[in-house]
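Residues per chain are reported as follows:
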Amino acid sequence: MTARITEKAPAEAYGPSDRRIPLRKREGFVPQVQRWSFQLPPDCMQMRVGFLAVQGMDDAALEQSAFFRWAQSALSHAAGPTTFDHARFTDAQGLRNHVIAAYWVDERRFERWRSDDVLQSWWASNERLHDKTGVWREILRVPRERQESIYWRDYPAGLMSSDEVAIYPTPYCGYYGAMRDRIPLAARDPLDAPEDSGLVEPTGRAGYGERWRITPPHNLAVIRSANTWGRMDEEQLADYEKNLRQPLENGMAYLRESPLPTGCASLRMQRKFDAQGRPLPEEHALGHFLSLRHMEAWAENHATHAAIFNAAISRYKRYGTDNQLRTWHEVYVLPAGDQLFEYIHCGPKTGLLRWFDGERVG
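The model shown is predicted, which means the values in this text are computed figures rather than measured ones. (Residues numbered from 1 in each chain as written. Predicted model: local features only at pLDDT ≥ 70, side-chain atom pairs only at ≥ 80, totals over all residues. Heavy atoms only, no water.)

A. Layout of the overall build of the protein chain. Scanning the protein chain from terminus to terminus reveals 10 helices and 15 strands. Taking 362 residues into account, the globule formula puts the C-alpha radius of gyration at 21 Å, and the protein chain, at 20 Å, falls close to it. Oriented by its inertia axes, the alpha-carbon framework of the protein chain measures out at about 60 × 50 × 40 Å. The burial tally for the protein chain puts 57% of its 362 residues in the buried class. A separation of at least 24 residues holds for 82% of the contacts in the protein chain among residues at least 6 apart in sequence. A total of about 16000 Å² of accessible surface is found on the protein chain, and carbon and sulfur atoms cover 50% of it. Considering the protein chain, the positive charge centre built from 46 side chains and the negative charge centre built from 48 side chains are found 1 Å apart. (Helix = DSSP H or I, 4+ residues; strand = E, 2+ residues; numbered from the N terminus. Rg over C-alpha atoms; globule rule 2.2 N^0.38 Å. Buried < 20%, exposed > 50% of the residue type's maximum accessible area, 1.4 Å probe, protein only. Contact = heavy atoms within 4.5 Å. Areas by Shrake-Rupley, 256 points an atom, 1.4 Å probe, with all protein chains shown as cover. Lys, Arg positive; Asp, Glu negative; His and termini not counted. Charge placed at Lys NZ, Arg CZ, Asp CG, Glu CD.)

Shown next, in the form of structure tokens:
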């Protein structure tokens, strides 16, 4: 299944008529490459994005976990997600993680799924505190006006893989500031972090043998940003490996290792896998920033992002319409309230467990 294609951008794509914050797009600007964004159904005022994961010492430990039996039931549930994908990564603690990204665009359907006692009791069980693996879940509430996306028309990924949404040629792409221009609420709201928010490591969180629920700050900005080499011929793959892969790795390493100067609370560089644990030719970063402004500061002012941007533009110029690189991203700016970040029997630096206010609930 893939999204429906709309050849013309809807009025919603241009932002509200009462825009108070000017567009960053220069008059007359034409992008090097036209990109596409998703549009939620008309009656969808908010979506849910869930990251459901198991954590262990290695792949063998993951595969022995009861998490996958739970996941099979959760994903095939009558009210399960509209689309989902799998990924794996090794975190900074040396722990292996398998992550399922799941999307709901029907709030009533999500509520039926969330209210299923059998599915939820597995997470609530005290057995999770004594398993050989940890589990964590980050289930995001994303209002319609607090998201943006960018895809290639011919490469379905993320929410674009769902036939419940449409995609359209976005009027805002290919320039610094386009990300903010695509977020409807950013026309009226700067979406800044609260003045008292920051990255401070709390004491007393062992992680292992504990269950924590973390409260993220208002306007936490989350990004899924991916690239795939699966469609490249030998020449273009060699060019990618020579000119683009290293800048990408350098940029992600800088964000992962520099939370305080960047405001990047967590950065996971994940390899896409299938449900059977076989690697696929796509990598994506999943990052959590204190605010959209923190994300923009790195993107617009740091040498590691400039290297990525310049390498990508050079590639587009070199190959033109024959370019076989496919990239996509989704950004969600989270309001406070009804955001679930839960870490059970996990390493103490897993996700947002390392930062922010939280409650130990087991």
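B. Main features of the side chain of K272. By secondary structure assignment, the location of K272 is in strand 11 (residues 264-273). Within the buried core, K272 has no salt-bridge partner, and the shortest N-O distance to an opposite charge, that of E282, equals 4.3 Å. Among residues more than four places away in sequence, those in contact with K272 are D85, H86, A87, R278, P279, L280 and E282. (Salt bridge = Lys/Arg side-chain N within 4 Å of Asp/Glu carboxyl O.)

C. Quick peek at the pattern of salt bridges. Evaluated as defined, the whole model comprises 35 salt bridges. When the shortest N-O distance is used, the salt bridge between R128 and D131 registers 2.8 Å. The buried category is assigned to R128, whose relative accessible area is 4%. A relative accessible area of 24% places D131 in the partly exposed class. Ionic pairing is found between E201 and R354, a salt bridge with its closest N-O pair at 3.4 Å. Placement of E201 in the loop between helix 5 (178-182) and strand 9 (211-215) and of R354 in the loop between strand 14 (340-344) and strand 15 (357-360) is noted, with a sequence separation of 153 residues between them. On the basis of relative accessibility, which here comes to 22%, the residue R354 falls in the partly exposed class. One network of salt bridges, with partners in common, ties together R48, E107, E111, R114 and D338.

D. Seen up close, the nonpolar core. Counting residues in each nonpolar core, the largest one holds 47 residues, and the members touching the most others are L140, L159 and F356. The leading source of residues in this core is strand 3 (residues 46-56), at 4 residues. In this structure F356 touches G198, L199, V200, P202, R205, I214, T215, P216, P217, L220, A265 and L290, once residues within four positions along its chain are discounted. (Core = buried A, V, L, I, M, F, W, Y, C linked by side-chain atoms within 4.5 Å.)

E. Spatial organisation of the packing of aromatic side chains. Here the structure, examined in full by the defined rule, presents 18 aromatic pairs. An angle of 80° between the planes, with centres 6.4 Å apart, marks the rings of Y14 and Y172 as edge-to-face. Of this pair, Y14 sits in the loop between strand 1 (4-5) and strand 2 (36-39) while Y172 sits in the loop between strand 8 (166-169) and helix 5, placing them 158 residues apart in sequence. Relative accessible area serves as the criterion here: at 5%, Y172 is assigned to the buried category. Through pairs of rings, three or more aromatic residues link up here, namely F67, F68, W70, W104, F110, W113, W122 and W123. Stacked on the ring of W122, the Lys or Arg R128 has its end atom at 4.1 Å from the ring centre. (Phe/Tyr/Trp six-rings, centres within 6.5 Å; stacked < 30°, edge-to-face > 60°. Lys NZ or Arg CZ within 6 Å of the ring centre and 35° of its normal.)

F. Summary view of the sheet that holds strand 8. On the basis of which strands lie adjacent, the open sheet formed by 3 strands has the order 1-8-2 and mixed pairing. The open sheet terminates on both sides in strands that have one partner only, identified here as strand 1 and strand 2. Pairing of strand 1 with strand 8 involves 2 bridges; the strand directions are parallel. The residue bridging I5 from the neighbouring strand is I167, located in strand 8. (Pairing = 2+ DSSP bridges.)

G. A look at the sheet that holds strand 7 (residues 147-150). Taken in spatial order, the 12 strands line up as 7-13-10-12-11-4-5-3-6-14-9-15 in an open sheet, and their pairing is antiparallel. Each end of this open sheet is capped by a strand with a single partner; those strands are strand 7 and strand 15. On average, adjacent strands in this sheet sit at an angle of 20° to one another, irrespective of strand direction. Strand direction decides the pairing type here: strand 9 and strand 15, joined by 4 bridges, are antiparallel. Along strand 15, the bridge assignment pairs I214 with G358. (Axes fitted to C-alpha atoms, helices over the stretch in contact; angles between N-to-C directions.)

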